[in-house]
Amino acid sequence: MTEERFISQNKYNWDKYQNMLDEWKVYSPNELGQAYLRVCSDLAYAQSHYPKTKVCSSLNALALQFHHILYRRQPQRWGELLYFFRYTIPMSFYRSRKFLLLSLLLFILGEVIGTLSQCLDNGFFESFFGSGYYETTVSNIENGDPMGIYDSWEESEMFFKITINNITVGFNYFLRGLLTPFYTIYMTITTGIMDGCFTTFFFQQGYGTTALIAPNEHGALELPAIIVCSAAGMQLGMGWFFPGKLTRIKALINSAQEALIMVLAMVPFFIVAGFIESFLTRHQEWPMPARVALMAAGLTISIYYIIVLPRQLNKVASPPALPRREGAGTRKTNNKE
């Protein structure tokens with residue numbers, strides 16, 4: 001699609017969203033949020049196909065205005081924020097459950113490939129991770145500190161770099177789905193291969209328990225977040241490449257709404273996982289029960305929020321009422337009395 005056609009097909013909606021911003025007080029948070037998601041999906045498409053153009057700058061400015069109104073205008077919107085995390089996000093997980101299952105199965109497939117590859121070829125770990133990482137890991141094992149990689153940086157610096165990197169990776173899983181869902185599928189399988197190869201290598205070195213516990217102290221949150229971002233990327237790509245009976249743009253908007261919600265929901269997961277990896281995982285001298293409890297807590301939170309809670313909410317006959325802002329009015333109409 002040319003840039004001119006993209007603009008002509010969406011200009012009416014963009015003008016409507018700008019009018020919503022001019023009179024945002026008469027709109028509910030849900031209406032503003034839906035408009036914000038549509039603007040973000042248009043912005044993601046424009047950045048992929050028409051980077052560094054005027055339309056990108058305009059959509060970015062429009063998205064920033066919505067963000068400012070939704071997240072900064074009133075300090076008393078905690079009820080609406082709680083509703084978003086308690087109901088909106090879990091229901092997006094439930095509606096996207098097929099993509100989540102597919103993403104999980106692809107990750108497991110990668111785990112199996114990585115495990116078998118390392119079992120059949122002892123040099124696979126070095127070829128996959130690179131000679132530098134391999135040599136550092138072997139040196140740590142020989143020094144009796146197999147997970148020494150986790151205390152090689154200062155805590156605060158590591159937290160900042162790891163967290164930013166993981167969030168960037170998560171959004172890459174999401175945005176690359178717009179180019180093709182098959183690229184996201186490839187990335188998901190590759191991540192599984194990496195994890196399976198890593199764990200198998202440490203079992204071969206006699207540190208299997210360490211490899212299962214230490215990386216998963218933070219991995220219990222980080223890996224589910226990656227799987228969710230992968231599912232979001234596949235959902236985004238499928239909406240664009242296989243629109244069905246809808247127009248391509250309409251199918252993209254519909255899939256982008258659910259997918260973007262899921263990706264944004266994983267940002268807190270990445271932040272907490274980055275904190276655990278930077279400040280806690282390095283303490284391998286801590287008692288094993290404490291470390292297992294940390295891993296189990298992260299896994300429990302992930303399973304409950306991504307799988308159990310959405311299923312519970314789906315059984316409810318009707319959703320809870322969205323909290324309304326105090327003083328929020330009713331949308332204006334043009335009807336004359």
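Before reading further, recall that the structure is shown in the block above.
Here the structure is a predicted model, which means the values were calculated and not measured.

So, how was this worked out
Residues numbered from 1 in each chain as written. Predicted model: local features only at pLDDT ≥ 70, side-chain atom pairs only at ≥ 80, totals over all residues. Heavy atoms only, no water. Helix = DSSP H or I, 4+ residues; strand = E, 2+ residues; numbered from the N terminus. Expected span 1.5 Å × (residues − 1). Buried < 20%, exposed > 50% of the residue type's maximum accessible area, 1.4 Å probe, protein only. Contact = heavy atoms within 4.5 Å. Patch = residues over 30% accessible without salt bridge, like charges linked within 9 Å, V, L, I, M, F, W, Y side chains within 5 Å. Areas by Shrake-Rupley, 256 points an atom, 1.4 Å probe, with all protein chains shown as cover. Salt bridge = Lys/Arg side-chain N within 4 Å of Asp/Glu carboxyl O. Polar contact = N/O pair within 3.5 Å; in protein donor to acceptor, adjacent residues only side chain to side chain. Lys, Arg positive; Asp, Glu negative; His and termini not counted. Charge placed at Lys NZ, Arg CZ, Asp CG, Glu CD. Axes fitted to C-alpha atoms, helices over the stretch in contact; angles between N-to-C directions. Parallel < 35°, antiparallel > 145°, perpendicular 65-115°, else oblique. Nonpolar A, V, L, I, M, F, W, Y, C, P; charged D, E, K, R; others polar. Disulfide = S-S within 2.5 Å.

*Asks:* Sorry if this is basic, but what is going on with helix H12 (residues 267–279) here?
*Replies:* Every α-helix winds through 3.6 residues per turn, so residues three or four apart in the chain are directed the same way. Between the first and last C-alpha of H12 there are 18 Å, a value that for 13 residues agrees with the 18 Å anticipated at 1.5 Å per step. Within H12 the residues assigned to the buried category are Phe269, Phe270, Ala273, Gly274, Ile276, Glu277 and Ser278. On its buried face, H12 sits against helix H8 (155–179), helix H10 (208–241), helix H11 (248–265) and helix H13 (288–314).

*Asks:* Honestly, a nonpolar patch on the surface in this entry has me stumped. Any pointers?
*Replies:* Taken together, the side chains of Leu101, Leu104, Leu105, Ile108, Val112, Leu116 and Leu120 present a nonpolar region at the surface, about 670 Å² in accessible area. Relative to the helices and strands, leucine 120 is located in helix H5 (residues 97–120).

*Asks:* Teacher, can you tell me more about the side chain of threonine 191 here?
*Replies:* Relative to the assigned elements, threonine 191 resides in helix H9 (residues 181–204). A polar atom in the side chain of threonine 191 sits 2.9 Å from the backbone oxygen of methionine 187. Ignoring any residue separated from it by four or fewer positions in sequence, one finds threonine 191 in contact with Phe107, Tyr173 and Ile226.

*Asks:* For this particular structure, what's the right way to read a positive patch on the surface?
*Replies:* Taken together, the side chains of Arg97, Lys98, Arg311 and Lys315 make up a positively charged region of the molecular surface. As for its position among the elements, arginine 311 is in helix H13.

*Asks:* Would you mind showing me how to read the packing of H11 against H12 here?
*Replies:* For any two helices packed against each other, the geometry comes down to the angle between their axes and how far apart the axes lie. Between H11 and H12, the least distance of the axes is 4 Å, while the angle of their chain directions is 20 degrees. What the angle tells us is that H11 and H12 run roughly parallel. Mapping the contact onto sequence places Val263, Leu264 and Ala265 in H11 and Val267, Pro268 and Phe269 in H12. The residue makeup of the contact of H11 with H12, split by class, is six nonpolar, no polar and no charged.

*Asks:* Looking at this structure, how should I read the state of the cysteines?
*Replies:* Every disulfide links exactly two cysteines, by a covalent bond between their sulfur atoms. Taken as a whole, this structure holds zero disulfides when the rule is applied. In this structure cysteine 119 is not part of a disulfide, and its nearest cysteine sulfur, from cysteine 197, lies 9.6 Å away. Cysteine 119 sits in the partly exposed class, given a relative accessible area of 47%. Unpaired in this structure, cysteine 229 has its nearest cysteine sulfur neighbour in cysteine 40, at a distance of 15 Å.

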